[in-house]
Amino acid sequence: MERREKKQPALIREAREEDLPDIVRINLETLPEHYPDYFWRDHLRLWGRAFLVAEVDGRIVGYIMTRVDRGLGYLQWRPFKKLGHIVSIAVLPEYRRRGIGTALMVEAMRRLKEIYGASEAYLEVRVSNDAAIRLYEKLGFKKVRRLRKYYLDGEDAWLMAKKL
Ligand code: ACO
Ligand code: ZN
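No experiment lies behind these values; they were computed from the predicted model shown. (Residues numbered from 1 in each chain as written. Chains lettered and ligands numbered in written order. Predicted model: local features only at pLDDT ≥ 70, side-chain atom pairs only at ≥ 80, totals over all residues. Heavy atoms only, no water.)

Caption draft 1: Quick look at the coordination of the zinc ion (ligand 2). Around the zinc ion (ligand 2), the protein contributes the donor atoms His85 (NE2) and Glu124 (OE), which lie 1.9 to 2.1 Å from the metal centre. Of this pair, His85 sits in strand β4 (residues 81-91) while Glu124 sits in strand β5 (residues 120-126); the two residues are 39 residues apart in sequence, bridging distant segments of the chain. Assessed through its relative accessible area of 12%, His85 is described here as buried. (Donors = N, O, S within 2.8 Å, 3.2 Å for Na, K, Ca; no water. Helix = DSSP H or I, 4+ residues; strand = E, 2+ residues; numbered from the N terminus. Buried < 20%, exposed > 50% of the residue type's maximum accessible area, 1.4 Å probe, protein only.)

In structure tokens form, the structure reads like this:
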């Protein structure tokens, strides 16, 4: 029973204001990059159709927060494209390696493209974060540039991008 329950697929849905405490707690537990409350709320208000949570048995076990930027892009040089920026994604440790991170990414990218008109997705990731880099590469992201000392502790980031 236990094993069967663990394998239940996650429900991917849009985040709501009342989910923010759970989302922030997952972020605090899993990532060194944290944000003030208004930052989470603004992303939800402005780009809420691509701010998603994963729910298993009524419990939030993961999230993805995105935004839409405008810029030249990193893959094809056409001015003022809409770029889907994957700001933060995390899944609770006990729910990893069962496709939830992939499901959050795929659904968020679909929405960034179809709802917000983004033609590229991009993100930054610590160069030491093998799990996340593999997830992104599996989804077709390419490393496009190394950002020196991007993080507060001095670690570099890979900027990774993918055409939508
Ligand atoms: N080691 C090696 N490869 C991995 C690992 C790992 N620990 N985790 C995921 N992968 C790769 C595998 O190829 C995996 O496919 P497989 O299981 O069939 O081999 C593939 O990614 C997809 O894995 P999922 O199960 O879909 O991903 P998961 O639900 O485990 O979530 C995530 C991945 C979000 C990176 C998770 O490990 C996590 O929350 N980590 C801590 C937070 C974090 O680092 N977030 C990303 C920061 S960068 C940013 O937010 C833009
Ligand atoms: Zn970013």
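Anyway, onward from the coordinates.
Caption draft 2: Just the site of ligand 1, in detail. Taken together, 24 residues are adjacent to ligand 1, and Val91, Gly101, Thr102, Asn129 and Lys138 come closest. The contact in question runs from an oxygen atom of ligand 1 to an N or O atom on the backbone of Arg97, over 2.8 Å. In this structure, an oxygen atom belonging to ligand 1 sits 3.2 Å away from a main-chain N or O atom of Arg98. Relative to its unbound accessible surface of 980 Å², ligand 1 loses 81% to contact with the protein. Among the secondary structure elements, those contributing two or more residues to the shell around ligand 1 are β4, α4 (100-114), β5 and α5 (130-138). Residues of the shell around ligand 1, tallied by class, amount to 12 nonpolar, six polar and six charged. (Near = heavy atom within 4 Å. Polar contact = N/O pair within 3.5 Å; in protein donor to acceptor, adjacent residues only side chain to side chain. Areas by Shrake-Rupley, 256 points an atom, 1.4 Å probe, with all protein chains shown as cover. Nonpolar A, V, L, I, M, F, W, Y, C, P; charged D, E, K, R; others polar.)

Caption draft 3: How the structure looks around the pairing of strand β7 (residues 157-163). Within β7, five of the seven residues are buried, which leaves the element mostly enclosed by the surrounding structure. Across seven bridges, β5 lies against β7 in antiparallel orientation. Counted as the bridge partner of Tyr122 is Ala161 from β7. For strand β6 (residues 142-147) and β7, the ladder comprises five bridges, and the chain directions are antiparallel. Of the residues in β7, the one forming a bridge with Lys143 is Met160. (Pairing = 2+ DSSP bridges.)

Caption draft 4: Just helix α2 (residues 20-30), in detail. Those residues of α2 that fall on the buried side of the exposure criterion are Leu20, Ile23, Val24, Ile26 and Asn27. What you see down the axis of α2 is that its buried residues fit within an arc of 160 degrees, all on one side. Away from its buried face, by an angle of more than 90 degrees, α2 presents the exposed residues Pro21, Leu28 and Glu29. Summarising the contacts, the buried residues of α2 are in contact with α3 (37-47), β2 (52-56), β3 (59-71) and β4. (Arc of directions from axis to C-beta. Contact = heavy atoms within 4.5 Å.)

Read these as geometric descriptors, not functional statements.
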